[in-house]
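Residue-level structural notes
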Amino acid sequence: MPNNSPDRADGGLRPDGHASTIRIPAGLVVLVGPPASGKTSFVRALVERGQIEAEAVVSSDEIRAELFGAAGGPEPADSVAADATGSDAADATDSDAADARIFEERDRRIVARLAAGRTVIAESTNVTPQARARLVALARRFDAPVTALRFAPDVADLLQQYAERGRTDLTTADVRAYAVVMSRDAGADRLRSEGAAAVHDVPGRRRSVAPAEAAARFAFGQVLSGYHAT
């Protein structure tokens, strides 16, 4: 990929050899990547570094834990794992009901941030077009720009990270299935065609970049144009 590509998270290199800062406009930031690809570690680093406030992050896993007491199971809107492994009708009905509640609460939190003119980060896998379409529709209600941040490690790195996290809610086959959908349906051009104003790849293990280092390469706008911070 050329050094000046907008999809490079280093944004090219300055004369001193350091990565240039990628500036993300205030609006909706959609994280896109399979489970264990580094999304949670990235946003945690952003919060710890003071680059964003904790309230700016809307996590489907955290909402699931708040509502149901555990973060297990495929993330709502990206039922890739369920499709890959199969489930009976009763399980599917229960999952649909839980997802509907999670959707409602996630959307409420995103809308509240955008209505106040504040940046919001949607932290979930978002590897399917259907998952992203719902988020883009929310942003359009407020004329808020959408930025997509892609987390696309090599499958070997992804599986290693999955093993290190010790997750029991997903199998190796599930993670591979998410990676396949990511590769097929979440390329930069596809994300732009769906409404993302900008798309950036977030570096990780493959490039020996730790979450805090990756976070340092980005600067986030906090207040939408036309709004005033309160």
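Going by the structure above, here's the rest.
A brief look at the structure comes next. Every value quoted in this text rests on a predicted model; they were computed, and no experiment measured them.

This part covers unusual backbone geometry. Phi is positive for Ala-36, which is not a glycine, with a value near 70°. Of note, Ala-36 is situated in the loop between strand 2 (28–32) and helix 1 (39–48). When its relative accessible area of 8% is taken as the criterion, Ala-36 is described as buried.

Because each turn of an α-helix spans 3.6 residues, side chains separated by three or four positions end up pointing in the same direction. Restricting attention to buried positions, one finds in helix 1 the residues Lys-39, Phe-42, Val-43, Ala-45 and Leu-46. All buried residues of helix 1 fall inside an arc of 155° around its axis, so they share one side. Buried residues belonging to helix 1 abut strand 2, strand 3 (57–59), strand 4 (120–123), strand 5 (146–150), helix 9 (211–216) and strand 7 (218–220).

On to the pairing of strand 2. Each regular strand displays side chains that alternate between the two surfaces of the sheet. In terms of residue burial, strand 2 counts as a mostly covered element, since 5 of its 5 residues are buried. Both faces of strand 2 are covered, namely the face carrying Leu-28, Val-30 and Val-32 and the face carrying Val-29 and Leu-31. The pairing of strand 2 with strand 4 spans 3 bridges and is classified as parallel. Each residue of the ladder has a partner; that of Leu-28, found in strand 4, is Val-120. Bridge count for strand 2 against strand 5 is 5 bridges, and the pairing is parallel. Paired with Val-32 across the strands is Arg-150, a residue of strand 5.

As a further point, take the sheet that holds strand 6 (residues 198–201). Hydrogen bonds along the backbone pair up the strands of a sheet, which may run parallel or antiparallel. The parallel open sheet is built from 5 strands, whose spatial order is 3-4-2-5-6. The open sheet terminates on both sides in strands that have one partner only, identified here as strand 3 and strand 6. Going across the sheet, the axis of each strand differs from the next one's by a mean of 20°, ignoring polarity. Relative to strand 6, strand 5 runs parallel, the two sharing 4 bridges.

Before going further, it helps to spend a moment on the pattern of salt bridges. Evaluation of the coordinates by the stated rule reveals 17 salt bridges. For Glu-53, the salt bridge goes to Arg-113, with nearest N and O atoms at 2.7 Å. Here Glu-53, found in the loop between helix 1 and strand 3, pairs with Arg-113, found in helix 4 (residues 89–115); they are 60 residues apart in sequence, far enough to count as distant. Judged by relative accessible area, Arg-113 falls into the buried class, the value being 11%. The residue Glu-53 makes a salt bridge to Arg-118 at a minimum N-O spacing of 3.8 Å. With Glu-53 in the loop between helix 1 and strand 3 and Arg-118 in the loop between helix 4 and strand 4, this pair connects stretches of sequence that are 65 residues apart. Residue Arg-118 is classed as buried on the basis of its relative accessible area, which comes to 18%. One network of salt bridges, with partners in common, ties together Arg-132, Arg-184, Asp-185, Arg-190 and Glu-194.

Looking now at the packing of helix 6 (residues 155–165) against helix 7 (residues 172–185). Contact geometry of helix 6 with helix 7 gives a least axis separation of 10 Å together with a crossing angle of 140°. Classified by the interaxial angle, the pair formed by helix 6 and helix 7 is oblique. Once helix 6 is placed against helix 7, the crossing between them reads as right-handed. Taken together, the residues of helix 7 that come into contact with helix 6 (itself represented by Val-155, Leu-158, Leu-159 and Tyr-162) are Thr-172, Val-175, Arg-176 and Ala-179. Considering only residue class, the contact of helix 6 with helix 7 consists of 6 nonpolar, 1 polar and 1 charged.

Each value, and the rule that gives it
- Residues numbered from 1 in each chain as written.
- Predicted model: local features only at pLDDT ≥ 70, side-chain atom pairs only at ≥ 80, totals over all residues.
- Heavy atoms only, no water.
- Helix = DSSP H or I, 4+ residues; strand = E, 2+ residues; numbered from the N terminus.
- Buried < 20%, exposed > 50% of the residue type's maximum accessible area, 1.4 Å probe, protein only.
- Arc of directions from axis to C-beta.
- Contact = heavy atoms within 4.5 Å.
- Pairing = 2+ DSSP bridges.
- Axes fitted to C-alpha atoms, helices over the stretch in contact; angles between N-to-C directions.
- Salt bridge = Lys/Arg side-chain N within 4 Å of Asp/Glu carboxyl O.
- Parallel < 35°, antiparallel > 145°, perpendicular 65-115°, else oblique.
- Left-handed = near helix turned anticlockwise from the far one by under 90°.
- Nonpolar A, V, L, I, M, F, W, Y, C, P; charged D, E, K, R; others polar.

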